[in-house]
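Each chain is listed here by its residues.
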Amino acid sequence: MGARMQILSEDVARQLSLTVEDFDPGNETQAPFQVRVTVENASGLELDSCDTGAPLNLSYHWRNAETGEIYQFDGLRTELNPALPAGSVGSYWMKVVTPSMPGSYLLEVSLVQEYVMWLDGLARISPPPRVVRVTHQPWWTAPDSSVIFSPHEILNRQSLRK
């Protein structure tokens with residue numbers, strides 16, 4: 001069990017930076033992929049995704065590239081593992097899943113201190129360099145729906161109809 005991560009002040013949050021280094025999302029809806037990011041911790045605190053208290057995690061939002069509206073606010077969480085010592089820089093692979101509907105989106109990476117705050121607008125965050133176009137739905141996706149059926153479920157439904 002980890003130590004308790006203290007609640008970050010806005011001053012400490014402003015001493016953090018997050019930069020997107022590399023990613024290749026493909027073009028399928030609800031497809032998992034990884035984003036390589038660099039986190040710089042210029043604060044005097046160790047950043048940790050411990051099990052207790054208010055852990056600090058990497059996460060993301062998807063924004064509709066055409067309208068500017070948030071499509072998905074709460075992305076998957078990726079732990080800062082290993083913890084990032086004060087005054088250091090670390091590289092991490094974030095877990096991300098593409099949006100469930102075809103379209104053009106902007107991936108906005110962020111840091112979130114669970115149960116406390118998102119660090120959007122506080123930490124220096126470099127946006128990804130391009131728009132992500134999701135154009136292809138897997139064959140097991142219901143048309144015009146964000147509901148995903150497993151291939152096994154579809155096969156079972158076809159068997160029941162016979």
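Residues numbered from 1 in each chain as written. Predicted model: local features only at pLDDT ≥ 70, side-chain atom pairs only at ≥ 80, totals over all residues. Heavy atoms only, no water.

## As for the packing of aromatic side chains
The description of an aromatic ring pair rests on the distance of the ring centres and on the angle between the ring planes.
Next, step 1: Applying the stated criterion across every chain, the model contains five aromatic pairs.
Next, step 2: Aromatic side chains W62 and Y105 sit 6.2 Å apart centroid to centroid with 70° between the ring planes, which places their arrangement in the edge-to-face category. Of this pair, W62 sits in strand β3 (residues 56-64) while Y105 sits in strand β7 (residues 103-113), and the two are 43 residues apart along the sequence. Exposure class is identical for W62 and Y105. Each is buried.
Next, step 3: Here a set of aromatic residues connected by ring pairs shows up, and it is made of Y60, W62, Y71 and Y105. (Phe/Tyr/Trp six-rings, centres within 6.5 Å; stacked < 30°, edge-to-face > 60°. Helix = DSSP H or I, 4+ residues; strand = E, 2+ residues; numbered from the N terminus. Buried < 20%, exposed > 50% of the residue type's maximum accessible area, 1.4 Å probe, protein only.)

## A short note on the environment of L18
Next, step 1: Tracing the backbone shows L18 in strand β1 (residues 16-23).
Next, step 2: Here the alpha-carbon distance between L18 and E40, two residues 22 residues apart in the chain, equals 6.5 Å.
Next, step 3: If sequence neighbours within four positions are ignored, L18 has contacts with V37, T38, V39, L58, V109, S110, L111, R124, I125 and S126. (Contact = heavy atoms within 4.5 Å.)

## Describing the pairing of β3
Next, step 1: Burial analysis of β3 places seven of its nine residues in the buried class, the great majority of the element.
Next, step 2: Sheet topology note: the β3/strand β5 (residues 78-79) ladder contains two bridges and is antiparallel. Note that in β5 the partner of L58 across the bridge is T78.
Next, step 3: Direction of pairing for β3 relative to strand β4 (residues 70-72): antiparallel, over a ladder of two bridges. Of the residues in β4, the one forming a bridge with W62 is Q72. (Pairing = 2+ DSSP bridges.)

## Focus: the environment of V131
Next, step 1: Within the secondary structure, V131 is located in the loop between β9 (124-126) and β10 (132-134).
Next, step 2: Taking the C-alpha atoms as reference points, V131 and L107, 24 residues apart in sequence, are found 7.6 Å from one another.
Next, step 3: Setting aside its immediate chain neighbours within four residues, V131 contacts A65, S104, Y105 and L106.

## Quick look at a nonpolar patch on the surface
Next, step 1: A cluster of nonpolar side chains, namely I7, Y115 and V116, defines an oily patch on the protein surface of about 380 Å² accessible area.
Next, step 2: Relative to the elements of secondary structure, I7 occurs in the segment before α1 (10-13). (Patch = residues over 30% accessible without salt bridge, like charges linked within 9 Å, V, L, I, M, F, W, Y side chains within 5 Å. Areas by Shrake-Rupley, 256 points an atom, 1.4 Å probe, with all protein chains shown as cover. Salt bridge = Lys/Arg side-chain N within 4 Å of Asp/Glu carboxyl O.)

## Side note on the nonpolar core
Next, step 1: Ranked by size, the top nonpolar core spans 33 residues in total, and within it V35, L58 and L119 carry the most contacts.
Next, step 2: Mapped by element, the contributors of at least two residues to this core are α1, β1, β2 (32-41), β3, β6 (88-97), β7 and β10.
Next, step 3: If near-sequence neighbours (up to four positions away) are discounted, L58 is found in contact with L18, V37, V39, L76, R77, T78, L80, Y92, M94, S110 and L111. (Core = buried A, V, L, I, M, F, W, Y, C linked by side-chain atoms within 4.5 Å.)

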